[in-house]
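Here is how the chains run, residue by residue.
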Amino acid sequence: MADVVFEGVSRRYGSKVALDGVSLTAPDRRFTVLCGPPGSGKSVLLRMLVGLETPDEGRILIGGQDVTDTPPAQRPVGYVPQSFALYPHLTVRQNIGYPLKLAGAPAPRIAEQVGRVAELLSIQHLLDKTPDLLSGGEKQRVAVARGLSREARVFVLDDPLVGLDYKLRERLMGDLKLLAAELGATFLYAASDPLETLTMAQELAVLERGRVVRKGPVEQVYAEPGNEAAMRLVGFPRANLLPGRWQGGAVEAGPFRFPVAGRGEGQEVLVGLRPEDAGAPGRGVTAQGTVTLVEDLGAELVVYLDCGGQPLTVIRLAEEGAPGLGQPLAFGVSPSDLLVFDRRTGDALGRGAA
Ligand SMILES: Nc1ncnc2c1ncn2[C@@H]1O[C@H](COP(=O)(O)OP(=O)(O)OP(=O)(O)O)[C@@H](O)[C@H]1O
């Protein structure tokens, strides 16, 4: 078993609180994604697991063993850092084998492991080259291979695909998922991109300002965000969040006015609506906007609307045809897809009632 457990972990840098009492379990052999805006503490948390940072308070356990004070080389953790540097004077083979060499592995064992990860990442043909001969995407693959070369029970990847173009990222995401399944280890992965978050995660932890504001299986967090930050960060395209007010038993926000169940009378709220939950007009709550931009995703179109000054994004199937710019577009929303959050605290208050 290699559950990773953070127990009440805090870290300050001077007066800046980077992590504030984080408690989180990354279950054994599951792929856990940490998502959150820049500066929310993802890297610091991962660097603590690797052993490059020490918590001011709290403990870190791997497979039930306290590793809080264990030196990095003695932790069963492989690491792909956010900004990687390959050694320019070493070949790809030597770069990938470097962490194993540091850990004192014998040469035949290193050769075997390097061959294995190179095959998993389809970079066998690059093994004898030096980094200056590689493209950006190839370098990234080598960095990932180096992080995965250790025989570890836990792998930590800190936003490893950042900066790559869309096509390359998509391919590497697929490869990494397969790889994770094949290695059968526990993965922790920081992602700053919502598509990457959704594609990679089995388990999810949403961080904001050094705290975990939501955690759980990805499907559960998506269906019940429970918090405005989780709604904003988990979903692609990003969810709409409209400022509004709860008054007289109904919420009014942008083009919507709908009855709600719950307690929040008189409150300033944010109404969350996922673009994919806006459907054909005629059902539930209907609204209309003017088309300002259409983005083609292939089978789907992302349609940007202006609803009386309130921007709103909806999804349309491409087979329905692209709406014209400047044209009106009506749409319908099931009341239960309108999620209401407290604008001050971000906490969920309720949903639209039928
Ligand atoms: N060595 C350090 N010295 C001072 N402050 C630091 C240090 N490392 C991190 N911080 C601060 O801690 C906070 C959390 O940083 P962290 O790098 O973990 O964020 P992140 O969520 O990984 O962001 P990004 O997505 O930009 O990588 C930030 O405010 C950052 O400035």
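Residues numbered from 1 in each chain as written. Predicted model: local features only at pLDDT ≥ 70, side-chain atom pairs only at ≥ 80, totals over all residues. Heavy atoms only, no water.

Per an unreviewed UniProt entry, the protein goes by ABC transporter ATP-binding protein and derives from Rubellimicrobium roseum.

The full count for this structure, using the stated rule, is five aromatic pairs. Geometrically, the ring pair formed by F31 and Y189 is tilted, given 5.5 Å between the ring centres and 45° between the ring planes. Residue F31 is located in strand β3 (residues 31–35), and its partner Y189 is located in strand β8 (residues 186–191); the two are separated by 158 residues in the primary sequence. The pair formed by F31 and Y189 is uniform in burial state, with each residue classed as buried. Each ring, one from F155 and one from F187, has its centre 5.4 Å from the other, and the planes form 35°; the classification is tilted. Residue F155 is found in strand β7 (residues 154–158), and its partner F187 is found in strand β8; the two are separated by 32 residues along the sequence. For F155, a relative accessible area of 2% corresponds to the buried category. Through successive ring pairs, a cluster of aromatic residues spans F31, F155, F187 and Y189. Sitting over the face of the ring of Y222, R274 holds its NZ or CZ atom 4.0 Å from the ring centroid. (Phe/Tyr/Trp six-rings, centres within 6.5 Å; stacked < 30°, edge-to-face > 60°. Helix = DSSP H or I, 4+ residues; strand = E, 2+ residues; numbered from the N terminus. Buried < 20%, exposed > 50% of the residue type's maximum accessible area, 1.4 Å probe, protein only. Lys NZ or Arg CZ within 6 Å of the ring centre and 35° of its normal.)

Core analysis: the biggest nonpolar cluster contains 48 residues, and I96, F187 and Y189 have the highest contact counts within it. Apart from residues no more than four positions distant in its own chain, F187 is found in contact with R30, F31, T32, L148, F155, L157 and A180. Within the second largest apolar cluster, 27 residues are counted, among which are V22, L49, I60 and V67. (Core = buried A, V, L, I, M, F, W, Y, C linked by side-chain atoms within 4.5 Å. Contact = heavy atoms within 4.5 Å.)

What follows deals with the sheet that holds strand β16 (residues 285–296). If you trace the five strands from one edge of the open sheet to the other, you get β15-β19-β16-β17-β18, paired in antiparallel fashion. Either end of the sheet is taken by a strand with one partner, and the two such strands are β15 (278–279) and β18 (310–317). Here eight bridges tie strand β17 (residues 300–307) to β18, and the two strands are oriented antiparallel to one another. Bridge pairing links V302 to I315 in β18. (Pairing = 2+ DSSP bridges.)

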